[in-house]
Amino acid sequence: MADRVTVIGWDGSPLTDVARSALGAATLVAGAAHHLALPEVPPGAERIRLGSVDLAARRIAQHRGSPVVLADGDPGFFGVVRALRAPEHGLEVEVVPAVSSVATAFARAGMPWDDAQVVVAHSRDLRRAVNVCRAHTKVAVLTSPGAGPAELALLLGPVHRTFVICEALGTEREQVTVLTSEKAADHVWRDPNVVIVIGGSGTTAPPAGRPTGTARGAQQGGWIAGRDPGFPGTVRGWALPAPAYATVLGESESQQLRALQLARIGPRVGDLVWDIGAGSGAAAVETAGFGAAVIAVDRDADACERTATLARRFGVQLQVVQGTAPDVLEDLPEPDVVRIGGGGASVVAACAARRPERIVTHATTRDEAEAVGRALEDGGYAVECVLLQSVELDTRGWTERERAVAFLVCGHRPHQ
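Every value quoted in this text rests on a predicted model; they were computed, and no experiment measured them.

### Some thoughts on the nonpolar core
If you look at the biggest cluster of nonpolar residues, it comprises 26 residues, and the most contacted ones within it are Trp-274, Ile-276, Ile-340, Cys-351 and Ile-359. Residue assignment for this core shows that the elements contributing at least two residues are β11 (272-276), β12 (293-298), β14 (337-340), α13 (344-352), β15 (358-363), α14 (366-378) and β17 (399-412). Listed in part, the 25 residues of the second largest apolar core include Ile-265, Ala-278, Val-337 and Cys-410.

So this is what it looks like as structure tokens:
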């Protein structure tokens, strides 16, 4: 039985001496069709088309001989190494790496990528990859059949981005195309491909048709790969007071209430959050600051403009939609979490029908809180309600400056 497998990364360049030697001695070779067609694969070796890595790993573990797995790019970066190292297979893994397809894609585009998010897109959870593209200005998407450039573009909808689509990297069929996202759905793209998604406020994408350029506003001389985990801009902290936003917060927008709302929302990268009744935009901007994609909805045009302006000032990406809930919600993509700043039980019921994981709202009276709670319960949610009272003191004389009272109501969808 095999207890050792060599994994060789392939980026289209000639194999190294180490890789050629390992492949030449192989008695079993697993890989995609284009890997198995390489002239270095021994004619007498057993060949396995690599579909399910777990199934291939079980076959490799039972093999008597010298198995080799071929994989595109760096097999340790979103590749087969993780699955092969699973304890149940009992395999010792030796890796011969190559340049990752993500690094190659950015090299072809002439762009740095230490400030990029990297996601894997599958048809079963494509929306999470799309949400990252909504929330961030530079994202590399490792696609798969059924979750490629066209599907990404369709789910992005009105959120406009520039796509750098790198097809069949490292092969004779390699092609790099730059176009706007709304045009990507009109083409048939070859697998495998990597899509670099660029855009949003404060960025400059490569011009269509020419794969070169950089993103203005991206980290310059940063200290950590990917997005800086701190809140955008120079302000430290969250649930900030009105002066931090240079605006006036509404009566129901106290920073203490917003702090608890954010705690219950728990925004994460890959989430899509609806902020209905965005008001000043403070809650939407702070939610986006945690890396979630945000759609801020308000019926008031001035509120929408304030929210967009605040987002630009703090350097976060969000979509602003003007309209009255619940009607305006019908065409929005499915949310993971909803914050409702106004609208009452009817809006809560409409949101519950879309089955987000959580719905967070507030009420100013107990009767309103009970009505909202019933709407959540009728929608199948477990309900939490907290009476929150905060008193702001003027520390010059330690006298009361402002008092805020609100019922925080949160609905949690029971996990199946």
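Read on, since the account is not over.
### Some points on the pattern of salt bridges
In the structure shown here, the tally under the stated rule is 21 salt bridges. Measuring nitrogen to oxygen at the nearest pair gives 2.7 Å for the salt bridge that ties Glu-92 to Arg-4. Separated by 88 residues along the polypeptide, Glu-92 in strand β5 (residues 92-96) and Arg-4 in strand β1 (residues 4-10) bring together distant segments of the chain. Residue classification places Glu-92 among the partly exposed positions, given a relative accessible area of 46%. Overall, Arg-4 belongs to the partly exposed group, its relative accessible area being 36%.

### Let's talk about the environment of Pro-158
Counting through the fold element by element, Pro-158 comes out in the loop between α7 (149-156) and β8 (162-167). Distance in space between the C-alpha atoms of Pro-158 and Glu-377 is 33 Å, their sequence separation being 219 residues.

### Side note on the packing of aromatic side chains
The tally for this structure, following the rule as stated, stands at four aromatic pairs. Judged by centre distance (5.1 Å) and plane angle (75°), the rings of Phe-77 and Phe-78 are edge-to-face. Residue Phe-78 is classed as exposed on the basis of its relative accessible area, which comes to 51%. Plain terms: the ring middles of Tyr-245 and Phe-314 are 5.2 Å apart, the flat faces sit at 45° to each other, and that makes the pair tilted. A residue pair is termed long-range when its members are at least 10 positions apart, and Tyr-245 in helix α9 (residues 242-245) and Phe-314 in helix α12 (residues 301-314) qualify at 69 residues.

### With respect to the confidence of the model for the protein
The predicted model of the protein has a mean per-residue pLDDT of 90, with 91% of residues at 70 or higher. Segment residues 212-219 is flagged for pLDDT under 50; beyond a separation of four residues in sequence, or across chains, it makes 23 contacts in the model.

### Quick look at the sheet that holds strand β13 (residues 319-322)
If you walk across this open sheet you meet the seven strands as β13-β12-β11-β14-β15-β17-β16, and the pairing is mixed. Looking at the sheet topology across the chains shown, the edges are occupied by β13 and β16 (382-394). Averaged over all neighbouring strand pairs, the angle between strand axes comes to 20°, with direction disregarded. In this sheet, β14 lies alongside β11 in parallel orientation, the contact comprising four bridges. Looking at β14, one finds that Trp-274 is bridged to Val-338. This element, helix α11 (residues 282-289), spans β11, β12 and β14 of the sheet and lies at about 170° to β12.

What counts, and where the lines are drawn
Residues numbered from 1 in each chain as written. Predicted model: local features only at pLDDT ≥ 70, side-chain atom pairs only at ≥ 80, totals over all residues. Heavy atoms only, no water. Core = buried A, V, L, I, M, F, W, Y, C linked by side-chain atoms within 4.5 Å. Buried < 20%, exposed > 50% of the residue type's maximum accessible area, 1.4 Å probe, protein only. Helix = DSSP H or I, 4+ residues; strand = E, 2+ residues; numbered from the N terminus. Salt bridge = Lys/Arg side-chain N within 4 Å of Asp/Glu carboxyl O. Phe/Tyr/Trp six-rings, centres within 6.5 Å; stacked < 30°, edge-to-face > 60°. pLDDT = per-residue confidence, 0-100. Contact = heavy atoms within 4.5 Å. Pairing = 2+ DSSP bridges. Axes fitted to C-alpha atoms, helices over the stretch in contact; angles between N-to-C directions.

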